[in-house]
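So you can see what is in the structure, the chains are spelled out below.
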Amino acid sequence: MSRIAGVFAGLKAQGRAALIPFVEAYDPNRETSLALLRGMAENGADIIEIGVPFTDPMADGPTIQAAGRRALEAGASLAGVLGLVREFRAGNAHTPLVLMGYLNPILSYGVARFCADAATAGVDGLIVVDLPTEEADLLLPDAAKNELDVIRLIAPTTSDTRLPLVLAGSSGFVYYVSITGITGTRTASAADLARDIPRIRAVTNLPIAVGFGVRTPQQAAVVAQHADAAIVASALIEKLCKSDVASVLADVAALAAGVHAAVRTSV
Amino acid sequence: MNEIIPNSLRNGPDGRGRFGEFGGRFVAETLMPLILELEAAYEAAKADPSFQTELDYYLKHYVGRPSALWFAERLTKELGGAKIYLKRDELNHTGAHKINNCLGQILLARRMGKTRIIAETGAGQHGVATATVCALFGLPCTVYMGAVDVERQKPNVFRMKLLGAEVIPVSSGAGTLKDAMNDAMRDWVANVRDTFYIIGTAAGPHPYPAMVRDFQCVIGNEAKAQLQEAEGRLPDVAIAAIGGGSNAIGLFHPFLDDAGVRLIGVEAAGHGLDSGEHAASLSRGRPGVLHGNRTYLLQNEDGQIQEAHSISAGLDYPGIGPEHSWLHDIGRVEYVAITDKEALAAFQLCTRTEGIIPALEPSHALAHVAKIAGAMNKDEIVLMNLCGRGDKDIFAVAQHLGVEL
């Protein structure tokens, strides 16, 4: 069983949902990112999503755009992100890591070499924002060969008839982009999730994570009532900008408490 | 329009929206259903003769097509070789070829029941053309424009506002065309139900590269017929400037299967191809994925996209339409590059010899014509697309020539 599947199986046995916080690698520098990864794992993060900086993050709002710019100025590269993962993994064998980014740095690195190096470094899953199912054959074979989960995005615009097509070849979990929009802007309501999540459950047994616009422990708890994981990104990046690593980790602990205490209405 | 002919270079793209290995649909899942809906709507429109009839009506009576084909006699004499014909798309309403595409897309948007239009713009020509057709059809229009471009293209910003458009300055990245396109896509993702995104060049996710090309092919189709009438034959060379490549693909496409016609695309070499400040994606870039398509891009060794530079804001883009990437790789079209300085000289040459002030974009094509025409025979013919007029550029040109206005 993969690390990701193992985490979800364990949480399911306890009747809990997962918290997936996000770290933009190298924002504002490598040491901070490493401290965040280690600290998040100790403060209730069940899985950690690592943003791979890209000059043109088309699905991201102002917060992650700015984080990406700071990271690139700090010298971030895809190889550098893999190095960061390696260093984290040396001290933590259990927390799954998912890389989220855009296709071009991967193409530039070479898809086959990237998948091999990512797996060796200790990456568990990949989310490639601008690689829809229609183009996914570019990545799926090499990811499968290296036992990397390819996590697919589902959007409110994804129709019921399209869902099975999008989910074909996906593994790990499903990432539900809960709003039509960019990261860190609007927030889906409980009613939205109660309507949308069952639609996805009907076609897959994979755990469902909800992201885009999840900011507070209360919102994360609402997500945890309906879905299997809450992903929090922009709110943590903003906190880091205004404050320090310790306050981000305090927020992660509070989010984890919210998620873990949620009374689950479905599953 | 896309009749399948064996061994034709005009059959692309394939079912996945690809020209060879280029093109495709590299967008987030939120947009994917929209892209598919757009493709279906465009296919239906192409199959409906009333759509073309409607487009033809506006092209004739609103844009003023067909645009003239002008034998540039003094320029020909000055260069001393091949006969030079200028396809005068600068005479179109709004002063450039951009309107051909905007009309096609807004008619499609209306067919699809969309009620809000967005666009990106670099120099502001596409923004003005989009704002124009929105005024014509009474649709609200939002134009994304890099903050740097807003500053250096003030007259066009004012034009767009007069036409009723909202112009949003984009300060992310370097604040130029690439960043404006990112923000237009972000707007589209957030407003999927009612909004139609009019992309200004033959790039982006499928079906945009094919659709924009089809709407711009009116340039090449007219020129082919006009030259037939004037000279009774095909040109020896057809040449056009390339940023994203919409005017060039519109000129080239109707000639792709005419093997005797040499096709030349002219990229912007900025301060020089080896200066690190240029917009020559084919000459100095390598394949990658940006803005929904796989194509040649200016990028660093880590796959981060680099900023382009050109004196002409309309060529200032680090990518190129995917069909050009394919035509480059198969060798059907030659791609060359012209520097800012050479383009400025050609700008003045055309103004002085023909009484036509060209935009800085086609001035790049003209600079290459000036390089090759003299060595050609007097009975040979060069056809160049004069895709825009230079009124918008006189301030920039004055500045480069050290003249204070």
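Residues numbered from 1 in each chain as written. Chains lettered and ligands numbered in written order. Predicted model: local features only at pLDDT ≥ 70, side-chain atom pairs only at ≥ 80, totals over all residues. Heavy atoms only, no water.

Looking only at helices and strands, chain B features 15 helices and 14 strands. Whereas a compact globule of 405 residues would reach a radius of gyration of roughly 22 Å, chain B reaches 19 Å, a difference of no more than 12%. Taking the principal axes of the C-alpha coordinates as reference, chain B spans close to 55 × 50 × 45 Å. Looking at the 405 residues of chain B, the share that counts as buried comes to 65%. Residue pairs in contact within chain B that sit at least 24 positions apart in sequence constitute 73% of those at least 6 positions apart. (Helix = DSSP H or I, 4+ residues; strand = E, 2+ residues; numbered from the N terminus. Rg over C-alpha atoms; globule rule 2.2 N^0.38 Å. Buried < 20%, exposed > 50% of the residue type's maximum accessible area, 1.4 Å probe, protein only. Contact = heavy atoms within 4.5 Å.)

It is worth spelling out the interface of chain A and chain B at this point. At the junction of the two partners, chain A supplies 40 residues and chain B supplies 39 residues. Overall, the association of chain A and chain B removes approximately 3,000 Å² of surface from exposure, summing both partners, and the carbon and sulfur fraction of that is 50%. The tally of links from chain A across to chain B stands at five salt bridges. In this structure, the salt-bridge partner of Lys-178 of chain B is Asp-56 of chain A, at a minimum N-O distance of 2.8 Å. Between the two partners, chain A and chain B, sit 23 residue pairs in polar contact (both at pLDDT 80 or more). The set of elements that each furnish at least two residues to the side of chain A that touches chain B consists of helix 3 (62-73), helix 4 (78-91), helix 5 (103-109) and strand 6 (152-154) of chain A. If one sorts the elements of the side of chain A that touches chain B by residue count, helix 5 of chain A sits on top with five residues. When its residues are assigned to classes, the side of chain A that touches chain B shows 22 nonpolar, nine polar and nine charged. (Buried area = accessible area lost by both parts, 1.4 Å probe. Salt bridge = Lys/Arg side-chain N within 4 Å of Asp/Glu carboxyl O. Polar contact = N/O pair within 3.5 Å; in protein donor to acceptor, adjacent residues only side chain to side chain. Nonpolar A, V, L, I, M, F, W, Y, C, P; charged D, E, K, R; others polar.)

Moving on: the pattern of salt bridges. Applying the stated criterion to the full structure yields 45 salt bridges over all chains. Arg-65 of chain B is the partner of Asp-89 of chain B in a salt bridge, and the nearest nitrogen-oxygen pair spans 2.8 Å. Of this pair, Asp-89 of chain B sits in the loop between strand 4 (83-87) and helix 4 (98-111) while Arg-65 of chain B sits in the loop between helix 2 (49-63) and strand 3 (69-71), and the two are 24 residues apart along the sequence. Just as Asp-89 of chain B is buried, Arg-65 of chain B falls in that class too. A cluster of three or more residues bridged by salt bridges with shared partners is formed by Asp-56 of chain A together with Lys-178, Asp-179 and Glu-307 of chain B.

On to the packing of helix 9 (residues 190-201) of chain A against helix 10 (residues 217-226) of chain A. Residues and elements named next belong to chain A. Relative to each other, helix 9 and helix 10 sit at 35°, their axes nearing to 9 Å. In terms of crossing hand, the pair formed by helix 9 and helix 10 is right-handed. The segment helix 9 lies against helix 10, with Ala-190, Leu-193, Ala-194, Ile-197 and Arg-201 engaging Val-222, Val-223 and His-226. Of the residues that constitute the contact of helix 9 with helix 10, the class distribution is six nonpolar, one polar and one charged. (Axes fitted to C-alpha atoms, helices over the stretch in contact; angles between N-to-C directions. Left-handed = near helix turned anticlockwise from the far one by under 90°.)

All names here are of chain B. Taken in spatial order, the four strands make up an open sheet running 1-2-12-11, and their pairing is antiparallel. Every interior strand has two partners, whereas the edge strands, strand 1 (18-19) and strand 11 (286-290), have only one. Bridging between strand 1 and strand 2 (residues 22-26) involves two bridges; their strand directions are antiparallel. Bridging from a neighbouring strand, Phe-19 pairs with Phe-22 of strand 2. Against the sheet, helix 12 (residues 322-330) contacts strand 1, strand 2 and strand 12 (292-297), and its axis sits at roughly 45° relative to strand 12. (Pairing = 2+ DSSP bridges.)

Across all of its chains, the model carries 13 aromatic pairs over all chains by this definition. Ring geometry for Phe-8 of chain A and Phe-173 of chain A: centres 5.8 Å apart, planes at 55°, overall tilted. Of the two residues, Phe-8 of chain A sits in helix 1 (residues 3-14) while Phe-173 of chain A sits in the loop between helix 8 (163-167) and strand 7 (174-177), which places them 165 residues apart along the sequence. Among the residues examined, Phe-173 of chain A registers a relative accessible area of 1% and is labelled buried. Judged by centre distance (5.2 Å) and plane angle (65°), the ring pair of Tyr-58 of chain B and Phe-137 of chain B falls under edge-to-face. With Tyr-58 of chain B in helix 2 and Phe-137 of chain B in helix 5 (residues 125-137), this residue pair connects regions lying 79 residues apart in the sequence. The class for Tyr-58 of chain B is buried, based on a relative accessible area of 17%. Members of the aromatic cluster, each reached through a chain of ring pairs, are Tyr-42, Phe-51 and Phe-215 of chain B. It is Lys-83 of chain B that lies over the ring of Phe-71 of chain B; its NZ or CZ is 5.2 Å from the centre. (Phe/Tyr/Trp six-rings, centres within 6.5 Å; stacked < 30°, edge-to-face > 60°. Lys NZ or Arg CZ within 6 Å of the ring centre and 35° of its normal.)

This paragraph deals with the domain arrangement of chain B. Accessible area lost on assembly of the parts is the figure often given for the size of an interface. Residues and elements named next belong to chain B. Examined at the domain level, chain B breaks down into domain 1 (26-60 + 98-208) and domain 2 (66-95 + 217-400). On a C-alpha basis, the centroid separation for the pair domain 1 and domain 2 is 23 Å. Surface buried jointly by domain 1 and domain 2 totals about 2,300 Å² across both partners, of which 60% is contributed by carbon and sulfur atoms. Counting across the domain 1 and domain 2 interface gives one salt bridge. On the surface where domain 1 and domain 2 come into contact, there are seven residue pairs in polar contact (both at pLDDT 80 or more). Among the secondary structure elements, those contributing two or more residues to the side of domain 1 that touches domain 2 are helix 4, helix 5, helix 6 (147-152), helix 7 (154-162) and helix 8 (177-190). The element contributing the most residues to the side of domain 1 that touches domain 2 is helix 8, with six residues. (Domains from an automatic or database assignment.)

Counting 196 residues, the largest nonpolar core has Met-40, Leu-99 and Phe-114 of chain A together with Leu-108 of chain B as its most contacted members. Per-element accounting of this core gives the leading share, eight residues, to helix 9 (residues 208-231) of chain B. Three or more residues apiece are contributed to this core by two domains, here domain 1 (26-60 + 98-208) and domain 2 (66-95 + 217-400) of chain B. Beyond its immediate stretch of four places on either side in the chain, Met-40 of chain A contacts Pro-21, Phe-22, Val-23, Ala-45, Ile-48, Leu-236, Val-248, Leu-249 and Val-252 of chain A. The next biggest cluster of nonpolar side chains, apart from the first, holds 28 residues, and it includes Leu-75, Ile-84, Ile-264 and Val-336 of chain B. (Core = buried A, V, L, I, M, F, W, Y, C linked by side-chain atoms within 4.5 Å.)

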